[in-house]
Amino acid sequence: MDADLTSLIQNKYDPLTGVYERFAIEDFARKLISQKKPFVFMLVDGDNFKNINDGYGHSVGDKVIVLIAQKLKAAYEGRGFVGRFGGDEFVIIVPDVQEYDDTWQICHQAFTQFETFTVPDYPAIFMTITMGAARHTKDGTCYEQIFEKADKALYRGKQKGRSCFIIYLDEKHKDIKIHSSDAPGSNSMQLHNTIFSLLAKSDDLKKTLPYLLQFFTTTLMIDHVAIQGKSEMLFSEVYALSRVKEFSYIDNALIQLNVNKSTSIFYMNDLRQLAAVHQEALMNQCENQGVFSLFCAEISYGDEFYGYLRADATVTLRIWQHEDMDLLVTAAKAIALFLHFQKKTLEDYA
C-alpha cells in the first residue's frame, strides 16, 4: 500500500478500541476513490448489543466492543484497515479487491473469528456480527454511493436474522428502503393486524393457516415455518430462497423439555447450545433436517395443548429478535383462541 495513503490514517485511533477513528477511515476511502483504486468497504454491526448494555451495564458493553474490535483486527491484520464507526458499529476497508468471489472470502474471514467469542467472567454472553459489503468501483464511484450500498446490504442482513454477511448486488438490493428509527412501532402494529386479518378470513383454519405461514416466511424471511399437532407436522411452508427444502416433524416431547413455563416458548440461536445442555436427541433431530436455529411457541389455551408453531433457520444461524418472536407468539395464541372457541383441535383441520 502506498505510504502516502497509509499516512492519512496513522495516529488517528479510537481511544476505546485502538482501531482507527471513523473520519480517518472515511478520508482513506475518499483518497482511494480519487485515485480510482479498487477496494471493499464493509459496515459491521454487533448483533443485539443493546441487550448486553441493558442486561450487564455499559462497562461490560465496552469490554464487548473492545473484543469485537480485536477480532476484526485479527481478521484483517496486514490486509485491511478497521475503524470504529460508533457504538458497536465498525467500518473496514480492504484495498485491491473487487470481484465477488474475492469479496466473499474477505467477508468470511471476519466470521471465522466469531466462531468462538467469549467474554471473560461473562460466559452467558453470546455475540455475533452482521456485515454489509460494497465495492469500489462496482457499486459506486463516490464515498456516499459506496456507503449507501454497504448500508443497504447491512440492513438486508439484519432483515435475514443477523449473524451473516451480505455483499451488495444491484439486482437484489437496489430497492431496499432503510426504515427510520420511528418506523418499527407503526410497522409492528400493522404486522400484528395482518396476523389477525389472515386468520379471520375464514372459519376454516385449513384455508387460512397456509396464508399465515407464507406471511411469516416472506415477511420475516424464515426458511421454514410449520404447525405441529400432537404427533405430526400438519402445515408447513418453506421459504422460496431456503436452501433446505425438506422438513419433518420434531418430537414434541423433546421440545417440551426446553419450553420456558412462564412464556410458553423455546428458542435456540445456535444448534451447539443443545449439546451444552445435553439435549442430544433434539440436537440430532434438528441436525438431520439442517436446522441451525429453532423457535417454538406453544399453541395452548389454559390447560388445553394443541401443538406448536415452529420456525426454522437453516445453513446459517439466526439470532431471534424480540419483535419477530412477538409476532410468532401472537399467532400461536390467536390460533389457540380460535381452536378453543371452535371446540376443535388442529387435527380437525388437517
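Our structure is the block above this text.
Heads up: these notes are all about the structure in this document.

1. A short note on the pairing of strand β11 (residues 304-314)
Counting buried positions along β11 gives nine out of 11 residues, so the element sits mostly inside the fold. Sheet topology note: the strand β7 (residues 224-228)/β11 ladder contains five bridges and is antiparallel. Bridging from a neighbouring strand, I227 pairs with L309 of β11. The pairing of strand β10 (residues 291-301) with β11 spans 10 bridges and is classified as antiparallel. Residue pairing across strands places S293 opposite A313, the latter belonging to β11. Hairpin connection from β10 to β11: two residues lie between these consecutive antiparallel strands, with G302 at a positive phi of about 60°.

2. Comments concerning the environment of V94
Inspection of the secondary structure puts V94 in strand β4 (residues 89-95). Take V94: its relative accessible area is 0%, and that puts it in the buried class. A C-alpha to C-alpha distance of 43 Å links V94 and A281, two positions 187 residues apart in sequence. In contact with V94, other than residues within four places in its own chain, are F39, V40, M42, Y76, R79, G80 and I106.

3. Brief notes about the pairing of strand β3 (residues 81-86)
Sheet topology note: the strand β1 (residues 20-21)/β3 ladder contains two bridges and is parallel. By the bridge assignment for β3, E21 is matched with R84. Two elements, β3 and β4, share five bridges in a ladder whose sense is antiparallel. Counted as the bridge partner of V82 is I92 from β4.

4. Looking at the nonpolar core
Formed by 36 residues in total, the largest nonpolar core has its most connected members in L212, F216, I299, L309 and I335. A per-element tally of this core places helix α13 (residues 322-342) first, with 10 residues. Every residue in contact with L212, bar those within four places of it in the chain, is listed here: I195, L198, L199, A331 and I335. The next biggest cluster of nonpolar side chains, apart from the first, holds 34 residues, and it includes I52, F90, V119 and I125.

About the criteria used
- Residues numbered from 1 in each chain as written.
- Predicted model: local features only at pLDDT ≥ 70, side-chain atom pairs only at ≥ 80, totals over all residues.
- Heavy atoms only, no water.
- Buried < 20%, exposed > 50% of the residue type's maximum accessible area, 1.4 Å probe, protein only.
- Helix = DSSP H or I, 4+ residues; strand = E, 2+ residues; numbered from the N terminus.
- Pairing = 2+ DSSP bridges.
- Contact = heavy atoms within 4.5 Å.
- Core = buried A, V, L, I, M, F, W, Y, C linked by side-chain atoms within 4.5 Å.

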